[in-house]
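What follows is each chain in one-letter form.
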Amino acid sequence: MRITKQREIILEELKKLSSHPSADELYEQVRRRFPHVSLGTVYRNLDLLLKLGLISKLSVAGGQARYDGNISRHDHVRCVSCGRVHDIAAAPVEGVALPEAPPGFVISDYRLEFLGRCPDCRE
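In this text, all values refer to a predicted model and were calculated from it rather than measured experimentally.

Next up on the list: the environment of Asn45. Considering the arrangement of structural elements, one finds Asn45 in helix α3 (residues 39-51). Taking the C-alpha atoms as reference, Asn45 lies 9.7 Å from Glu8; in sequence the two are 37 residues apart. Apart from residues lying up to four places away in sequence, Asn45 is in contact with Arg7 and Ile10. Here Arg7 takes part through its side chain, which lies 2.7 Å from a polar atom of the side chain of Asn45.

Structure (structure tokens):
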């Protein structure tokens, strides 16, 4: 897979951000460096970068998907008021039994998300 200038800029901008932006938010950031990029291009490249394992996608029911340029093992804390997401060190999970998977499923990994209120929303 060829890394085009657009893909390179999208990946660079995502890796700079710790805010876990939505595709729309990332689009606004990328446009500062590459003014003629389209929103569709950002979406297509995010899908491709995701398939290549270069980024991860955070999906929250009822909310916009958010993207993470940090693919190392880590967990997240999400503000229940504004939806802001921040990285936190992976929490050690010892002695926790894996749930029984539905028939046909094999559990291969897990993600841990903590919920709370960010400093801005607590004020």
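Still more ground to cover, so stick around.
Here we come to the pattern of salt bridges. Side-chain pairs of opposite charge can arise whenever the charged atoms involved come near each other. Under the criterion given, the structure shown has six salt bridges. Across the pair Glu113 and Arg78 runs a salt bridge, and its minimum N-O distance is 3.1 Å. Here the residue Glu113 occupies a position in strand β5 (residues 113-116), and Arg78 occupies one in strand β3 (residues 75-79), the gap between them amounting to 35 residues. Residue Arg84 is joined to Asp120 by a salt bridge in which the shortest nitrogen-to-oxygen separation is 3.0 Å.

So, on to the packing of helix α1 (residues 5-16) against helix α2 (residues 23-33). Contact pair α1 / α2: the axes reach a minimum separation of 10 Å and the direction vectors enclose 120 degrees. With respect to each other, α1 and α2 are oriented oblique. Once α1 is placed against α2, the crossing between them reads as right-handed. Residue-level inspection shows Ile9, Ile10, Glu12, Glu13, Leu14 and Lys16 of α1 in contact with α2, the latter providing Leu26, Gln29, Val30 and Arg33. A per-class count over the contact of α1 with α2 returns five nonpolar, one polar and four charged.

Rules behind the numbers
- Residues numbered from 1 in each chain as written.
- Predicted model: local features only at pLDDT ≥ 70, side-chain atom pairs only at ≥ 80, totals over all residues.
- Heavy atoms only, no water.
- Helix = DSSP H or I, 4+ residues; strand = E, 2+ residues; numbered from the N terminus.
- Contact = heavy atoms within 4.5 Å.
- Polar contact = N/O pair within 3.5 Å; in protein donor to acceptor, adjacent residues only side chain to side chain.
- Salt bridge = Lys/Arg side-chain N within 4 Å of Asp/Glu carboxyl O.
- Axes fitted to C-alpha atoms, helices over the stretch in contact; angles between N-to-C directions.
- Parallel < 35°, antiparallel > 145°, perpendicular 65-115°, else oblique.
- Left-handed = near helix turned anticlockwise from the far one by under 90°.
- Nonpolar A, V, L, I, M, F, W, Y, C, P; charged D, E, K, R; others polar.

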